[in-house]
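Next come the chains, spelled out residue by residue.
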Amino acid sequence: MKFNDIEFNTYFKNYPDVNGYFGKYGGSYVTPELQIAMDEINEAYQTICKSSKFISELRRIRKEFQGRPTPVSYLERLSGKIGNVHLYVKREDLNHTGAHKLNHCMGEVLLAKYMGKSKVIAETGAGQHGVALATAAAYFGLDCDIYMGAIDIKKQAPNVARMKILGARVIEVKDGLQTLKEAVDAAFMAYCKEYKSAIYCIGSVVGPHPFPMMVRDFQSIVGIEAREQFIEMTGELPDAVVACVGGGSNAMGIFSGFLNYPVDIYGIEPLGRGIKMGNHAASLTYGDEGIMHGFKSIMLKDENGNPAPVYSVASGLDYPACGPEHAFLHDLDRVKYDVITDDEAIDAFFELSRMEGIIPAIESSHAVAYGMKLAKTMGKGSVLINLSGRGDKDMDYIIEKYGIR
Ligand SMILES: *Cc1c(COP(=O)(O)O)cnc(C)c1O
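Note that the structure is a prediction, hence the values are computed from the model and not measured.

A. Summary view of helix 5 (residues 101-114). Helix length check: helix 5, at 14 residues, gives a terminal C-alpha distance of 20 Å against a target of 20 Å (1.5 Å per residue), a fit within 8%. In terms of burial, helix 5 is a largely internal element, twelve of the 14 residues being buried.

Here you go:
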């Protein structure tokens, strides 16, 4: 099957299906206990996503608290340097807290509030999801427990401080390697005990149904705004849309505004230091079908079928799988997935900063790097890049490791 075989405009109605499948990917592979909790969340979401009260409250929050709509900016100097292709960026770096993650965290915590929960639970690696969730929890007045590996707590001191200032409880996980994987396990364990009073908030379009659908829906505001803004600015659609893919939430956000239109779409994975296993996190490019963290998708596995060790200079991209909808769109050939190395991303980080006065997150720099590469091959036309976040969080690391270029 190809994407064009799906009747125009029925895509979002039919995918995922009622069991959370995008083709063969997705679903929910969790313990019976957790399935009860997932069913409860799904049922609540199905009701409130049609409720005008919920929709108008979310709309008000996006405007008054998050500062949406975020603009689309034309990259005049960078475009001029490259040639005749016009480059644009959707400015999620200007969303409150400096990245797209707050778009789904505000939705998830508003849902928790509607469900009468008093607490939200999550794990965090680099701390970006933890900070966004702590922000949303503070706004709605809910308790927030963030599980974090002891090593990550040491590495990410500023984000740990932010979460604590925002009133979240940061729970140190000292098992195993003391990083993200152990934090996920600890958070899930806590959730099994507390699911009557708490909900688990997943930080991307991954995990068991309904999260890949729900997070996509909450992020779709990015694509809806971007399409309208782009047409208003130029009178037409962009020729290409580019976003970086970790779990895939910022990408699904902007892609969802363009999937049903004649636009080429590119999802960019991190190739890190190179193609050897362990040196990258390009799960769609080098992975296989499998099940992990409660869902079926395409993922990087070790010899034993467990999540493989992955690496990227961008901590937000080093995840061994991608959301099930990306696996589906990959198989349908609707989205082209490609890779960008650490070095290419670092070059793009400096290029965008110098040429346009925008310091991008190192995750987003992967999309910028690809957008520039693509523009050089196109000759004419336009490319819209999702700038998923700002680079303030990355500056110390980049200066220490690469110096100022
Ligand atoms: C977390 C993060 C990402 C990666 O997450 P996705 O779910 O793939 O979008 C990308 N960019 C920024 C700025 C992030 O913080």
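B. Structural context of the domain arrangement of the chain. Here the chain is partitioned into domain 1 (21-61 + 101-211) and domain 2 (67-99 + 220-402). Between domain 1 and domain 2, the C-alpha centre-to-centre distance is 23 Å. If you look at the interface, domain 1 gives 22 residues, while domain 2 gives 31 residues. Here domain 1 meets domain 2 over a buried area of about 2200 Å², counting both sides, of which 64% is carbon and sulfur. Between K24 and E289 there is a salt bridge, with its nearest N and O atoms 3.0 Å apart.

C. How the structure looks around the site of the ligand. Residues in close proximity to the ligand total 16 residues, the closest being K101, S204, G248, S249 and S388. S204 is positioned with one of its side-chain polar atoms (N or O) 2.6 Å from an oxygen atom of the ligand. Take G247: an N or O atom from its main chain is 3.2 Å from an oxygen atom of the ligand. When the ligand sits alone it has 390 Å² of accessible area, and the protein chains cover 97% of it. By residue class, the composition of the shell around the ligand is four nonpolar, ten polar and two charged.

D. Region of interest: the side chain of E92. Tracing the chain through its elements places E92 in the loop between strand 4 (85-91) and helix 5. When its relative accessible area of 0% is taken as the criterion, E92 is described as buried. A polar contact is formed between the side chain of E92 and the side chain of R68, at a distance of 2.8 Å. When neighbours within four sequence positions are excluded, E92 is seen to be in contact with R68, T70, G98, A99, H100, N103, V222, N386, L387 and S388.

E. Seen up close, the packing of helix 5 against helix 6 (residues 128-140). Where helix 5 contacts helix 6, the two axes come as close as 9 Å, and the packing angle between them is 45 degrees. Between helix 5 and helix 6, the angle is such that the two are oblique. Remark: the crossing between helix 5 and helix 6 carries right-handed chirality. Counting all contacts with helix 5, which are made through K101, L102, H104, C105, M106, E108, V109, L110 and K113, the residues of helix 6 involved are Q128, H129, A132, L133, T135, A136, A137, Y139 and F140. Of the residues assigned to the contact of helix 5 with helix 6, the class counts are eleven nonpolar, four polar and three charged.

F. The environment of I61, seen in detail. Note on placement: I61 falls in helix 3 (residues 52-64). According to the relative accessible area criterion, I61 is buried, its value standing at 0%. Sequence separation between I61 and D394 is 333 residues; the distance between their C-alpha atoms is 28 Å. When residues no more than four places from it in sequence are discounted, the contact partners of I61 are Q66, M106, Y139 and F140.

Definitions and cut-offs
- Residues numbered from 1 in each chain as written.
- Predicted model: local features only at pLDDT ≥ 70, side-chain atom pairs only at ≥ 80, totals over all residues.
- Heavy atoms only, no water.
- Helix = DSSP H or I, 4+ residues; strand = E, 2+ residues; numbered from the N terminus.
- Expected span 1.5 Å × (residues − 1).
- Buried < 20%, exposed > 50% of the residue type's maximum accessible area, 1.4 Å probe, protein only.
- Domains from an automatic or database assignment.
- Contact = heavy atoms within 4.5 Å.
- Buried area = accessible area lost by both parts, 1.4 Å probe.
- Salt bridge = Lys/Arg side-chain N within 4 Å of Asp/Glu carboxyl O.
- Near = heavy atom within 4 Å.
- Polar contact = N/O pair within 3.5 Å; in protein donor to acceptor, adjacent residues only side chain to side chain.
- Areas by Shrake-Rupley, 256 points an atom, 1.4 Å probe, with all protein chains shown as cover.
- Nonpolar A, V, L, I, M, F, W, Y, C, P; charged D, E, K, R; others polar.
- Axes fitted to C-alpha atoms, helices over the stretch in contact; angles between N-to-C directions.
- Parallel < 35°, antiparallel > 145°, perpendicular 65-115°, else oblique.
- Left-handed = near helix turned anticlockwise from the far one by under 90°.

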